[in-house]
Amino acid sequence: MLVLSGGTGTPKLLRGLKEVTDFWVVVNTAEDVWVAGNKICPDIDSVIYAIAEIIDDEKWWGIKGDTFVTHEFLKKLGFDEMLRIGDRDRATHILRSEMLRKGASLCEATRVLSKAFGVKNAIFPMCEEEVATIIVTKEGEMHFQEFWVKNKGEPEVLDVYFKNIEKAKIPEEVKRRLRKEDEVLIGPSNPITSITPILTVENFVEILKEKKVVAVSPIIGNQPYSGPAGKFMKAKGYEVSPRGVFEIYKDFLDALIVHESDSKLISEKIFATNTIMKNKEDAIKLSEYILKLFDHI
Ligand code: GDP
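Residues numbered from 1 in each chain as written. Predicted model: local features only at pLDDT ≥ 70, side-chain atom pairs only at ≥ 80, totals over all residues. Heavy atoms only, no water.

In this section: the nonpolar core. Leu4, Val26, Met126, Phe204 and Tyr249 are the most contacted members of the largest nonpolar core, which has 49 residues in total. If we skip the residues at most four places from it in the chain, Tyr249 touches Ile186, Ser189, Pro191, Ile195, Leu199 and Ala215. Membership of the second largest hydrophobic core comes to 38 residues, among which are Leu17, Ile44, Ile55 and Phe294. (Core = buried A, V, L, I, M, F, W, Y, C linked by side-chain atoms within 4.5 Å. Buried < 20%, exposed > 50% of the residue type's maximum accessible area, 1.4 Å probe, protein only. Contact = heavy atoms within 4.5 Å.)

See the structure below:
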């Protein structure tokens, strides 16, 4: 099974999925950013940390129990990093950036890091090229991280686009694996800023039309479980609801799993169960449900 992932909802699910089946992951890299000389891939890091079970599962980013000595000391020296980076987490970024500076690909660096953290699942960036999610707001255009971290997601959103996406290529190994893969799971990730960038790399959507595709809705009722997905869906003209999520994926989707409180939406392609993952047990139960659904459709 291939899983498409962002950095919060889907990693929560992967923590359970790894107990019930084998899978590989293609991860959004449009939120990547260079900070203090190092390349941060927030979504790749969260996927690795979640599978390795060292993720800070209160914030859903960074490493559990990490310290922030370097970040705080940099501040004392007069340099305020845009992101609050933990000391151990920074070691990941340093190692990745050193590899990239020496000529390694991001696929290679991700493989080395995954292995170092004991992760057996293959994890791939959606592309090697640098793509940036730009949020168009009433206050001007800004990088996703500037919108979400610096401005706390407050500015009114007018549009979202992915800078450089037209130059992005599906990595060769991802292409090879896709040829042999029948099942694709889209986790409960932000459909606009986490999944759409992956879908927009080359002909990814066309490839998905040939597969069995199941998605889990990150929207419950009329709002996301967490994060800014609602604002982005609205800016893109979609209803903020599981129906809106279905609309975004409708060209290739075989089944959408919604939360049980949205069971009124059940139809030929919409199924309902508990999709709220408060702990690993919830993630395992949802994963078992997903496996059964793949057999059923
Ligand atoms: P990002 O890269 O940090 O934006 O993370 P993702 O795109 O992977 O995940 C963000 C989405 O996950 C948000 O839209 C949330 O609504 C959704 N989400 C987070 N936790 C849960 C959960 O337990 N259940 C469901 N259904 N969605 C969740």
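What follows covers the side chain of Asp32. Tracing the backbone through its elements, the reader meets Asp32 in the loop between strand E2 (24-27) and strand E3 (33-35). Buried charge without a salt bridge: Asp32, with Lys39 as the nearest opposite-charge side chain at an N-O distance of 4.2 Å. (Helix = DSSP H or I, 4+ residues; strand = E, 2+ residues; numbered from the N terminus. Lys, Arg positive; Asp, Glu negative; His and termini not counted. Salt bridge = Lys/Arg side-chain N within 4 Å of Asp/Glu carboxyl O.)

Considering all chains together, one arrives at 26 salt bridges under this definition. The residue Asp45 makes a salt bridge to Arg96 at a minimum N-O spacing of 2.4 Å. Taken together, the residues span a long stretch of sequence, with Asp45 in helix H2 (residues 42-51) and Arg96 in helix H4 (residues 87-101) at a distance of 51 residues. You'll find Asp45 and Arg96 in the same group, each marked buried. Glu156 is the salt-bridge partner of Lys138, the closest N and O atoms lying 3.7 Å from each other. With Lys138 in the loop between strand E6 (132-137) and strand E7 (140-143) and Glu156 in the loop between helix H6 (144-150) and strand E8 (157-163), this pair connects stretches of sequence that are 18 residues apart. Owing to a relative accessible area of 45%, Glu156 belongs among the partly exposed residues under this scheme. Several salt bridges converge on common partners, so that one network encompasses Lys18, Glu19, Glu53 and Lys280.

Turning to the environment of Arg15, a few remarks are in order. Mapping Arg15 onto the fold places it in helix H1 (residues 9-20). Along the backbone, Arg15 and Asn279 are 264 residues apart, and their C-alpha atoms lie at a distance of 9.3 Å. Dropping the residues within four chain positions of it, Arg15 is found in contact with Ala50, Glu53, Asp57, Trp60, Asn279 and Lys280.

Think of a sheet as strands paired side by side through backbone hydrogen bonds, with each pair either parallel or antiparallel. On the basis of which strands lie adjacent, the open sheet formed by seven strands has the order E5-E2-E1-E9-E10-E13-E14 and parallel pairing. At either end of the open sheet lies a strand with only one pairing partner, and these are strand E5 (123-125) and strand E14 (270-273). Ignoring which end each strand starts from, the neighbouring axes of this sheet average 25° apart. Pairing analysis gives three bridges linking E2 to E5, with the strands arranged parallel. Bridge pairing in E5 links Val26 to Phe124. Together, strand E9 (183-186), strand E10 (212-216), strand E13 (255-259) and E14 form the strand contacts of helix H11 (residues 242-249), whose direction differs from that of E13 by roughly 160°. (Pairing = 2+ DSSP bridges. Axes fitted to C-alpha atoms, helices over the stretch in contact; angles between N-to-C directions.)

Two numbers describe how H2 lies on H4: the axes approach to 12 Å, and their chain directions differ by 120°. Judged on the interaxial angle alone, H4 and H2 are oblique. Relative to H4, the crossing made by H2 is right-handed. Of H4, the residues touching H2 (which contributes Ile44, Asp45 and Tyr49) are Asp89, Thr92, His93 and Arg96. The residue makeup of the contact of H2 with H4, split by class, is two nonpolar, two polar and three charged. (Parallel < 35°, antiparallel > 145°, perpendicular 65-115°, else oblique. Left-handed = near helix turned anticlockwise from the far one by under 90°. Nonpolar A, V, L, I, M, F, W, Y, C, P; charged D, E, K, R; others polar.)

Any link to function would need more than the numbers given here.
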